[in-house]
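Here's the letter readout for the chains.
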Amino acid sequence: MPEPARSRKTDREKRRNSRRAEHRKLNYPRISLKSILYVTRIYRKAVGPKSIFFVVYRVYNSVVPAVTAVIAGAAVTSISNGIVTHDFVPFIVIAIILLGIEIVNLVLGTINNFLSITTNQDVFIYVSEQIATKYIRIPLKIRESREFADKFERVRDFGGSITYVSNSIVNVVTSVISLVSVVIATLTISPIVTLVVLVASVPSSILSLRLAAMQRRNWREFTRDRRIAWAIEQKMVNSNNALEIEMNGLSSHLVRQMIKARRRSQEQDIIDERRFLWPRFGANGLETAASYGVLIFVAIEIILEKLDIGQFLTVRTLLGQLNSNVSSLFNSISTVNENLVNATDYMEFMETPANASGDIKVSGIPKIEFRNVSFSYPNSSVKAIDNVSFTLNPGDSLAIVGENGAGKTTLIKLLIGAYEPSDGVILINDQPFSRIDRESYLAQLGALFQDYARYEFATLGENVWFGDVSKGFDREEIQKALHDADLGDLASKYEKGLNQVMSKDFDEKYTTDLSGGQWQRLSIARAFFRSPNVLLLDEPTAAVDAKSEYEIFKNIIKKQQGKSTIIISHRFSTVRKAEQIIVLDQGRITESGTHEELLAQNGTYAEMFKLQAEGYN
Ligand code: ADP
């Protein structure tokens with residue numbers, strides 16, 4: 001029956017071909033020597049001169065087992081010969097050598113234990129610091145992209161796994177040295193034995209490498225699922241969301257979603273592992289068979305008096321070492337590979353260009369001018385800001401009004417240099433932004449956003465002091481800032497006063513939880529403490545009640561006298577006090593002038609003002 005036979009064959013071929021094609025398609029992330037050297041450099045920088053000892057110790061440690069195996073074999077032979085000759089000297093010499101090796105091992109081992117106590121932590125802390133310092137220097141436009149978020153997730157993975165990576169790199173090197181020393185030791189006994197054992201370990205080595213490469217690819221492909229799982233977990237443990245999640249009965253749904261994302265990220269690994277189950281069984285079986293064959297061969301050679309009796313022990317020990325070295329080598333290569341994938345991301349991350357900066361320093365209150373500025377967010381064709389021009393002279397106050405999505409916050413982001421205009425220029429003291437020294441310019445600004453920060457891990461005093469840590473921790477000034485933000489009596493509510501840590505997660509003495517409005521006022525106190533030359537306020541009092549808001553704005557006006565202020569607000573009682581008001585609509589300035597001028601124009605501003613005034617009546 002030739003027909004079915006042929007079709008069976010073609011079926012098999014088809015399957016094989018499609019598997020090959022699929023394999024070619026796998027885009028395995030590549031591991032470069034460059035990234036290995038890079039990690040080595042990080043390790044050296046983080047660990048310092050101690051790293052020299054570690055290298056020497058690891059190299060010594062990788063050669064010793066093979067040498068000991070050979071000497072131990074010689075000891076057995078010397079005992080066996082001693083039975084006949086009654087000569088103790090050869091055995092005593094060998095025993096002294098073995099004892100010497102043990103003593104050196106003990107001494108070096110103890111030094112190693114002592115030196116490596118802080119090593120992993122040194123490396124971890126060094127990399128965490130590098131990542132954090134770099135992150136804040138990367139322009140917001142890059143940080144906001146989804147690709148960057150994926151990459152940053154892997155960079156963080158790298159930060160967490162750096163100690164594994166560096167240890168695994170060392171393991172690869174030492175496994176190779178061990179392997180070479182074992183091979184040399186085996187060669188001194190029998191080249192055939194060496195060849196058989198080495199050849200038998202090839203299939204399992206290839207399989208290990210292939211599986212590791214697939215897992216590496218999976219790790220990369222499922223970054224987003226890992227990120228989703230992590231984001232859900234964070235939401236659930238965050239006490240700010242806990243209440244809402246519980247009220248909405250959302251917990252179990254979110255847990256299910258998190259598990260699903262986790263499962264998705266591991267599914268492919270399991271499929272791949274399964275596919276390799278039987279081939280690995282075969283490959284490992286081959287290795288075992290080869291080992292036993294070799295031992296039988298050596299035993300026969302000893303009986304035929306071609307080898308010494310002690311060499312049986314040597315070969316048996318060396319075989320064990322060979323197997324464990326090969327598997328440790330490939331395990332380390334896989335670990336290195338897996339983690340070095342993230343090292344590539346880390347390298348790219350560290351090379352991301354920082355915010356560009358010019359060299360013209362800014363001191364005092366700057367003049368800020370927008371000249372025909374337009375801007376679209378990356379990957380968006382809509383203009384969030386469309387041909388906007390205005391000038392903020394030193395000491396002026398400017399209010400921006402407009403509906404949600406009109407472009408008010410975007411304008412502030414452009415002004416602080418978080419984004420660059422797509423068209424037009426921003427001039428600081430009549431100089432283009434690109435020529436301005438960024439740091440000195442930002443030092444003049446202070447901003448209060450709707451999404452203000454809550455530093456729960458810090459004390460009440462620090463929450464204010466964080467407005468400008470370059471100033472001393474002046475308790476009086478901090479108390480004054482709290483007072484101006486209508487929080488004058490807050491410190492007295494706590495037993496520890498300004499030293500109270502602001503969360504019960506970190507301090508059990510924290511008994512009076514702040515309301516949303518109080519937290520917002522605390523962020524205002526921070527801005528007061530900073531006392532910037534240009535104060536940017538983006539709906540800073542949305543969560544604050546009307547009475548407090550009134551007090552706070554009175555204080556803002558008082559404090560900012562002679563300095564510049566830009567304010568975004570929906571409350572006209574606040575807006576009307578500004579010297580200049582601009583109305584934004586779909587990114588464009590539709591009206592501008594003083595409160596009175598705008599009312600006289602009887603346009604959108606007048607309409608909005610009247611609506612709100614009616615609402616208050
Ligand atoms: P406002 O502060 O006036 O409410 P925004 O300046 O926040 O408005 O937003 C202006 C427009 O830009 C809106 O259409 C908004 O959807 C869009 N936008 C805001 N932030 C981003 C962003 N990071 N990426 C893309 N589009 C954005």
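Just so you know, these numbers come straight off a predicted model, no measurement behind them.

### Focus on the site of the ligand
Surrounding the ligand, one finds Glu 144, Tyr 377, Ala 384, Glu 403, Asn 404, Gly 405, Ala 406, Gly 407, Lys 408, Thr 409 and Thr 410. In the model, a nitrogen atom of the ligand is placed 3.3 Å from a nitrogen or oxygen of the Tyr 377 side chain. Thr 409 is positioned such that a nitrogen or oxygen atom in its side chain is 2.7 Å from an oxygen atom of the ligand. Isolated, the ligand exposes 560 Å² of accessible area, and the fraction of that covered by the protein chains is 61%.

### With respect to the pairing of strand β1 (residues 368-375)
Within β1, six of the eight residues are buried, which leaves the element mostly enclosed by the surrounding structure. Sheet analysis places β1 next to strand β2 (residues 385-392), joined by five bridges and oriented antiparallel. Bridge pairing in β2 links Ile 368 to Leu 392. Of the pairings in the sheet, the one linking β1 to strand β4 (residues 423-428) comprises five bridges and is antiparallel in character. Bridge pairing in β4 places Ile 368 opposite Ile 428.

### Let's talk about the sheet that holds β4
Adjacent strands of a sheet form backbone hydrogen bonds with each other and so pair up, either parallel or antiparallel. In spatial order, the strands read β2-β1-β4-β5; together these four strands make up an open sheet with antiparallel pairing. Edge positions in the sheet fall to β2 and β5 (431-432), since each of these pairs with one other strand and no more. Sheet contacts for helix α14 (residues 408-415): β1, β2 and β4; angle to β1, the most-contacted strand, approximately 120°.

### Considerations on the domain arrangement of the protein chain
One can read the domain layout of the protein chain as domain 1 (9-26 + 33-350) and domain 2 (360-444 + 566-617). Once you take the C-alpha centre of each, domain 1 and domain 2 turn out to be 57 Å apart.

### What about the sheet that holds strand β8 (residues 564-568)?
If you trace the six strands from one edge of the open sheet to the other, you get β6-β7-β8-β3-β9-β10, paired in mixed fashion. Looking at the sheet topology across the chains shown, the edges are occupied by β6 (445-448) and β10 (588-593). Strand-to-strand, the axes of this sheet are offset by a mean angle of 15°, without reference to chain direction. In the sheet, strand β9 (residues 580-585) pairs with β10 via five bridges, with the strands oriented antiparallel. Across the sheet, the residue bridging to Asp 585 is Arg 588, located in β10.

### Focus: unusual backbone geometry
Located in the positive-phi region is His 86, a residue other than glycine, with phi close to 60°. In this fold, His 86 is placed in the loop between α3 (50-85) and α4 (89-115). With phi around 55°, Asn 387 is a residue other than glycine that occupies positive phi space. Counting through the fold element by element, Asn 387 comes out in strand β2.

The rules we used
- Residues numbered from 1 in each chain as written.
- Predicted model: local features only at pLDDT ≥ 70, side-chain atom pairs only at ≥ 80, totals over all residues.
- Heavy atoms only, no water.
- Near = heavy atom within 4 Å.
- Polar contact = N/O pair within 3.5 Å; in protein donor to acceptor, adjacent residues only side chain to side chain.
- Areas by Shrake-Rupley, 256 points an atom, 1.4 Å probe, with all protein chains shown as cover.
- Buried < 20%, exposed > 50% of the residue type's maximum accessible area, 1.4 Å probe, protein only.
- Helix = DSSP H or I, 4+ residues; strand = E, 2+ residues; numbered from the N terminus.
- Pairing = 2+ DSSP bridges.
- Contact = heavy atoms within 4.5 Å.
- Axes fitted to C-alpha atoms, helices over the stretch in contact; angles between N-to-C directions.
- Domains from an automatic or database assignment.

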